[in-house]
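What follows is each chain in one-letter form.
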Amino acid sequence: MNKIRDFFYNTVEYIKEHFIRFIIIILLFFTLCICFTFLPRETIMQDGNMVQQHILLYNITFQNWFSCISIISLIITAIWAVYQFDKSVSRKQQEKGAEISKIVAQDLLHKCTILGNVILASELNSVFNFDTMKPQTFKYFDKNELSTLLNQKDEDLVKVKSIINSSEIQQIYFRYLELNVSKKSYDDVAQKTYSDEDATKLFILGNTTMPFKFVNLVSDVLNNLEYISMYIASQSAGSKYIYQSLHQFFISTIKLLAPIICLQNKDCSDKYYTNTIYVYNYWCLIRQKDLKKEKKNKEKSNKILNPKIKTV
């Protein structure tokens, strides 16, 4: 009995609190009923007997109105579902893009900085002159492309490979590791030669995650870039969310590593780092379009700021 009494009490209290709403709903209901009584009707007779009667609104039966509303609702629902799907995919791409940016900021950017400095200070820079090389110089990233760039000289290919595995580039690597954990300049260590024991002492502070050998650093960086590129190429991480923050670092790093990638790819059919190559070419294309757009905008600005003076 107590439960029944509480139920009625709560119901009455709810009606009191929302009395105006109930009045509006009741008035709306009666208004619709009155409107329906004045609407025209279509009567279907058969053998003198009324078989069906349809209420008309603008000469269209309610049944047809409901059919049209159902179709429109279905279309709106489909559009809304597509919108929600795109929104979900976009959110996941943003999250993955943020994760990739975090990976780059935590470790990869530091490794790429050391890697780039070593390559630019090595004999590889004198062979390829990276400062003047355009990013579009490499496209296919295979041995044939590298041979064409070096004028088909096999001895140059051998030279490139020997430089990468040389003790000299390893010593340059150790010098930059020392610069990273000291206040010295490169001139202070330019002629320094490190034994294995001396080199081991360099792996402290910011160098704890660095590999001992330079060739291992190259492999580490390439594998991490391929991991990142796999998500970008598959659209798991939207390119538009990370291009602006990563394209300069990515393009400059791959341009320096291009000869090393080419040496590993003997032909087009069996390539390493295919996702990295795809993203590099795609981002280079975007970069070219942005540069052209920027050039046009500068030309327009110059015309506005420096109009031609008409001479009489």
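Rules behind the numbers
- Residues numbered from 1 in each chain as written.
- Predicted model: local features only at pLDDT ≥ 70, side-chain atom pairs only at ≥ 80, totals over all residues.
- Heavy atoms only, no water.
- Helix = DSSP H or I, 4+ residues; strand = E, 2+ residues; numbered from the N terminus.
- Buried < 20%, exposed > 50% of the residue type's maximum accessible area, 1.4 Å probe, protein only.
- Areas by Shrake-Rupley, 256 points an atom, 1.4 Å probe, with all protein chains shown as cover.
- Expected span 1.5 Å × (residues − 1).
- Salt bridge = Lys/Arg side-chain N within 4 Å of Asp/Glu carboxyl O.
- Phe/Tyr/Trp six-rings, centres within 6.5 Å; stacked < 30°, edge-to-face > 60°.
- Core = buried A, V, L, I, M, F, W, Y, C linked by side-chain atoms within 4.5 Å.
- Patch = residues over 30% accessible without salt bridge, like charges linked within 9 Å, V, L, I, M, F, W, Y side chains within 5 Å.
- Lys, Arg positive; Asp, Glu negative; His and termini not counted.
- Charge placed at Lys NZ, Arg CZ, Asp CG, Glu CD.

Caption draft 1: Quick look at the overall build of the chain. The helix and strand inventory of the chain stands at 12 helices and three strands. Counting only residues that meet the buried cut, the chain has 31% of its 312 residues in that class. Counting every atom, the chain has about 21,500 Å² of accessible surface; 58% of that belongs to carbon and sulfur.

Caption draft 2: Structural view of helix α7 (residues 167–180). When the terminal C-alpha atoms of α7 are compared, their 20 Å separation across 14 residues agrees well with the 20 Å that a helix rising 1.5 Å per residue should span. Summarising burial for α7: 11 of the 14 residues are buried, a large majority. Every buried residue of α7 is accounted for by I169, Q170, Q171, I172, Y173, F174, R175, Y176, L177, E178 and L179.

Caption draft 3: Seen up close, the pattern of salt bridges. As enumerated under the stated definition, the model contains six salt bridges in all. Of the charged contacts in the structure, one is a salt bridge between D107 and K111, with a shortest N-O distance of 3.2 Å. Pair noted here: D107 and K111 are both in helix α3 (residues 62–121), with a separation of four residues, about one helical turn. The partly exposed category is assigned to D107, whose relative accessible area is 25%. What makes K111 buried here is its relative accessible area of 5%. One salt bridge connects K111 with D220, and the closest N-O pair in it is separated by 2.4 Å. With K111 in helix α3 and D220 in helix α10 (residues 214–233), the pair connects residues that are 109 residues apart, well separated along the chain. Each of D107, K111 and D220 takes part in a single network of salt bridges with overlapping partners.

Caption draft 4: Here's a closer look at the packing of aromatic side chains. Applying the stated criterion to the full structure yields 14 aromatic pairs. On the basis of an interplanar angle of 65 degrees and a centroid distance of 5.9 Å, the ring pair of F174 and Y194 is categorised as edge-to-face. In this pair, F174 is assigned in helix α7 and Y194 in the loop between α8 (186–189) and α9 (196–200), connecting sequence segments 20 residues apart. Given the relative accessible area of 2%, F174 is considered buried. Using a relative accessible area of 5% as the deciding quantity, one classes Y194 as buried. Members of the aromatic cluster, each reached through a chain of ring pairs, are Y173, F174, Y194, F203, F212 and F214.

Caption draft 5: Looking closely at the nonpolar core. By size, the foremost hydrophobic cluster in this structure holds 61 residues, and its most contacted members are F141, Y173, F214, L257 and W283. Elements represented by at least two residues in this core include exactly α3, α4 (123–128), α6 (154–164), α7, α10, α11 (239–264) and α12 (274–305).

Caption draft 6: Up close: α12. Helix length check: α12, at 32 residues, gives a terminal C-alpha distance of 46 Å against a target of 46 Å (1.5 Å per residue), a fit within 8%. The set of residues buried in α12 consists of T276, I277, V279, Y280, W283 and C284.

Caption draft 7: Highlighting a positive patch on the surface. Residues K289, K292, K296, K300 and K303 make up a contiguous surface patch of positive charge. Relative to the helices and strands, K289 is located in helix α12.

Caption draft 8: Main features of a nonpolar patch on the surface. On the surface, Y14, I15, F19, I20, F22, I23, I24, I26, L27, F29 and F30 cluster together into a nonpolar patch covering about 1,100 Å² of accessible area. Those elements that provide at least two residues to the nonpolar patch are α1 (2–17) and α2 (19–38). No other element matches the nine residues that α2 contributes to the nonpolar patch. By relative accessible area, which is 43% here, I26 ends up partly exposed.

In short, shape yes, function no, at least from these values alone.
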